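Read off the chains here:
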Amino acid sequence: MNTETNNPKAVIVIFGATGDLAKRKLYPSIHRLYHSGKLGDQFAVVGVGRRPWSHEDLRAVVKESVSSDDAEAKIEEFSSHFYYHDFDVSNPASYQSLNTLLAGLEDTYSIPNNRMFYLAMAPEFFGTIAKFLKSEGVSKTTGWSRLVIEKPFGHDLPSAKKLNEEIRDAFSEDQIYRIDHYLGKQMVQNIEVIRFANAIFEPLWTNRYISNIQITSSESLGVEDRARYYESSGALRDMVQNHMLQMVALLAMEPPIKLNTEEIRSEKRKALRALRPFSKDEVDQFFVRGQYDAGTVDGGMVPSYLEEQNVDPNSNTETFVAGKLLIDNFRWAGVPFYIRTGKRLEKKSTQIVVQFKDIPMNLYYGNGNSMHPNLLVIHIQPDEGITLHLNARKLDGGTFAKPIKLDYQTNYNDIMNTPEAYEKLIHDCLLGDATNFAHWDEVALSWNFVDPISEKWAENKTLKPNYPAGSMGPKEADQLLEKDGYHWWNI
Ligand code: BG6
């Protein structure tokens, strides 16, 4: 896993330094790394953008974005490591002057020639930037040089391939870190530990004992101010192609022979390869899409998707997706993996429910005569923890069994110290650990899976608002499970 010692020394170059992601996630994460001592003093951050900012302008933004109880002097010291470089994305001279700035900073801070290029801007520029970084010698270092890429990585398989070829002309696969921020979440990383470090789960982790697995990632927020992007993306590309399928892969993969990047990725790749592809004709049988109507969220009325700013009033963009996935291998044959995700749902929550099969014969009665199945719930957010649902004898005895829960939630102290997803991922990249980033093969396999679905939906422009904001999605999403004799566990 970690291939370099702690306390990395590098210059981090952020393309898109004036943007929202940099302010909301990247600067605070770099600060937390600094604050916790994971980043020493031998570092510099160069913010690159089109606006004519000064170093001081950038530092002011950085100071504002990091909330901390650090003394002012410490924040001053931290922000003094930030430098701004305004540039024109397609002008070689911009890259030459960037190179000069970086070389100077490497001298000032005694940084070996290690450079991390973080592309946090519109994806249409990714290829151009990678090309110029190479042609102008910026990425040619005597230390390491790594490229971090934000999503979306393409729009479908052909566009993702094209983008990949462009960046692969300049960087090798092992220099490329494709961000999927779900892979930086504490409890997503814990899926492997829960599975592979517990003798009581792994032997049961098969179609012999598991009846179905449900992954829900719901959001109460709407599209906010991102309609321009979201209109061409929709929930399928925005959440399913990346975050949801990554969680499926982690739940379904075989135990790796070693906990290193290559072995883990190889098992994830195999799991994704085993996903049963659906033809366009089968899409309606396995997938449901939805779009939010007006409704009530957190006690307040909110408008429908079609009334949001910058949304086409006839838009067919889906804000909700539910699907039934099948994994055709020995371990999972016959076990549906149900996924659902959407905006303007009842609450913000991501969780995984593993439902075990019923015992062969009921000796005890539960509520309504049937026993509550055993469930393992992995709470990804906002709670972080696991709950195991078991049955136990009722206090008043007899032949009744009562569901009980064994609950582990990380406590307040743990939460305070839980690193943010971006903090972990930036740190991993600085250390050269690519395990929690998506390999090209995973990205390609995921697009391959979702492309027929989006093609079918693009042809069939019949989507109308079909769930009220504040609900758990359209009724068809419930019927998807009811057909199989299951229901969503809203727990
Ligand atoms: C992003 C999507 O990748 O993930 C957003 O683009 C979505 O639309 C977000 O809101 C959800 O992430 P999280 O960490 O809040 O669950």
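Chains are numbered independently. Their residues run from 1 in the order of the written sequence. Only residues with pLDDT of 70 or above have their local features reported here, since the model is predicted, and side-chain atom pairs are shown and tallied only from 80 upward, although totals for entire chains, interfaces and linings are computed over all residues. Note: side-chain values were computed over all heavy atoms of the structure, leaving out hydrogens and water.

Condition: UniProt positions are given in the numbering used here, feature names are shortened, and annotations may be inferred rather than shown by experiment.
Looking at an unreviewed UniProt entry, the protein chain carries the name Glucose-6-phosphate 1-dehydrogenase, with the source organism given as Bacillus pumilus. According to the UniProt record, the Sequence similarities (unreviewed entry) comment for the protein chain is "Belongs to the glucose-6-phosphate dehydrogenase family." Turning to the protein chain, the UniProt annotation filed under Function (unreviewed entry) states: "Catalyzes the oxidation of glucose 6-phosphate to 6-phosphogluconolactone."

1. A look at the side chain of S217
Which entries qualify depends on this criterion: By definition, any uninterrupted DSSP run of H or I lasting at least four residues is a helix, any uninterrupted run of E lasting at least two residues is a strand, and each is numbered from the N terminus. Pairs of N or O atoms are called polar contacts if they sit within 3.5 Å, as long as, within protein, a hydrogen donor faces a hydrogen acceptor (for residues adjacent in sequence, only side-chain-to-side-chain pairs). Two residues form a contact once any of their heavy atoms are found within 4.5 Å.
Its place among the elements puts S217 in strand β7 (residues 210–218). At 3.0 Å, the side chain of S217 and the side chain of Y182 are in polar contact. Those residues within four positions of S217 in sequence are excluded, and the remaining contacts are Y182, M239, M244, R340, T341, G342, S349 and T350.

2. Points about the packing of helix α9 (residues 234–252) against helix α14 (residues 440–459)
Condition: Each axis is a line fitted through C-alpha atoms, and for a helix only the stretch in contact is used; angles between axes span 0 to 180 degrees, taken between their N-to-C directions. If an angle is under 35 degrees, it is roughly parallel; if it is over 145, roughly antiparallel; if it lies from 65 to 115, roughly perpendicular; otherwise it is oblique. Helix crossings are classified by the rotation of the near helix relative to the far one: an anticlockwise turn of less than a right angle makes the crossing left-handed, while a clockwise turn makes it right-handed.
Packing of α9 against α14 leaves a shortest axis separation of 10 Å and a crossing angle of 140 degrees. Taken as axis vectors, α9 and α14 run oblique relative to one another. In the crossing of α9 with α14, the sense of the turn from one axis to the other is right-handed. Along its contact with α9, which presents L236, R237, V240, Q241, L245 and Q246, the element α14 presents E442, V443, S446, W447, F449, V450, I453, S454 and W457.

3. Observations concerning the UniProt feature "binding site: NADP(+)" (unreviewed entry) in the protein chain
UniProt's feature table lists "binding site: NADP(+)" (unreviewed entry) at G16, A17, T18, G19, D20, L21, A22, K23, R50, D88, V89 and K151, given in the numbering used throughout. The topology assignment puts G19 in the loop between β1 (10–15) and α1 (20–35). Considering the arrangement of structural elements, one finds D20 in helix α1.

4. Remarks on the site of the ligand
Convention followed: In these notes, residues near a molecule or strand are those with any non-hydrogen atom within 4 Å of it. For the area figures, the Shrake-Rupley method with a 1.4 Å probe applies, and any residue is considered shielded solely by the protein chains shown.
The full set of residues close to the ligand is K151, H181, Y182, K185, E219, R226, D238, M239, H243, K343, K348 and Q381. The contact in question runs from an oxygen atom of the ligand to an N or O atom on the side chain of K185, over 2.5 Å. In isolation the ligand exposes 400 Å². Once the protein is present, 82% of that is buried. Sorting elements by how many residues they give to the shell around the ligand places α9 first, with 3 residues.

5. Comments concerning α9
Heads up, the rule is: Every helix has an expected span of 1.5 Å times one less than the residues it contains. Here's how the labels work: a residue is buried when its accessible area is under 20% of the maximum for its type, exposed when over 50%, partly exposed in between, all with a 1.4 Å probe on protein chains only.
In a regular helix each residue adds 1.5 Å, so 19 residues correspond to 27 Å; α9 covers 25 Å between its end C-alpha atoms and thus fits that length. Counted residue by residue, α9 has 19 buried out of 19 residues, so it is predominantly covered.

6. What to know about the sheet that holds strand β4 (residues 115–119)
The condition is simple: Should DSSP find at least two bridges between two strands, the strands are taken to pair.
Strand order in the open sheet formed by 6 strands is β3-β2-β1-β4-β5-β6, and the pairing between neighbours is parallel. The open sheet is flanked by β3 (82–86) and β6 (176–178), the only strands paired with a single partner. Across the sheet, the axes of successive neighbouring strands diverge by a mean angle of 20 degrees, strand direction being ignored. The sheet contact formed by strand β5 (residues 145–149) and β6 spans 3 bridges and is parallel. Note that in β6 the partner of V148 across the bridge is Y177. Sitting on the sheet, helix α5 (residues 126–135) touches β1, β4 and β5, and the angle it makes with β4 is about 160 degrees.

7. A word on the sheet that holds strand β14 (residues 349–356)
On the basis of which strands lie adjacent, the open sheet formed by 8 strands has the order β8-β12-β13-β7-β14-β15-β16-β17 and mixed pairing. Here the strands that pair on one side only, and so sit at the sheet edges, are β8 (287–290) and β17 (401–409). For this sheet, the mean angle separating the axes of adjacent strands, direction not counted, is 15 degrees. For β7 and β14, the ladder comprises 8 bridges, and the chain directions are antiparallel. Paired with Q214 across the two strands is V353, which belongs to β14. Packed on one face of the sheet, helix α7 (residues 186–196) meets β14, β15 (375–381) and β16 (385–393) and runs near 150 degrees to β15. Packed on one face of the sheet, helix α15 (residues 475–482) meets β7, β8, β12 (320–325) and β13 (337–342) and runs near 10 degrees to β12.

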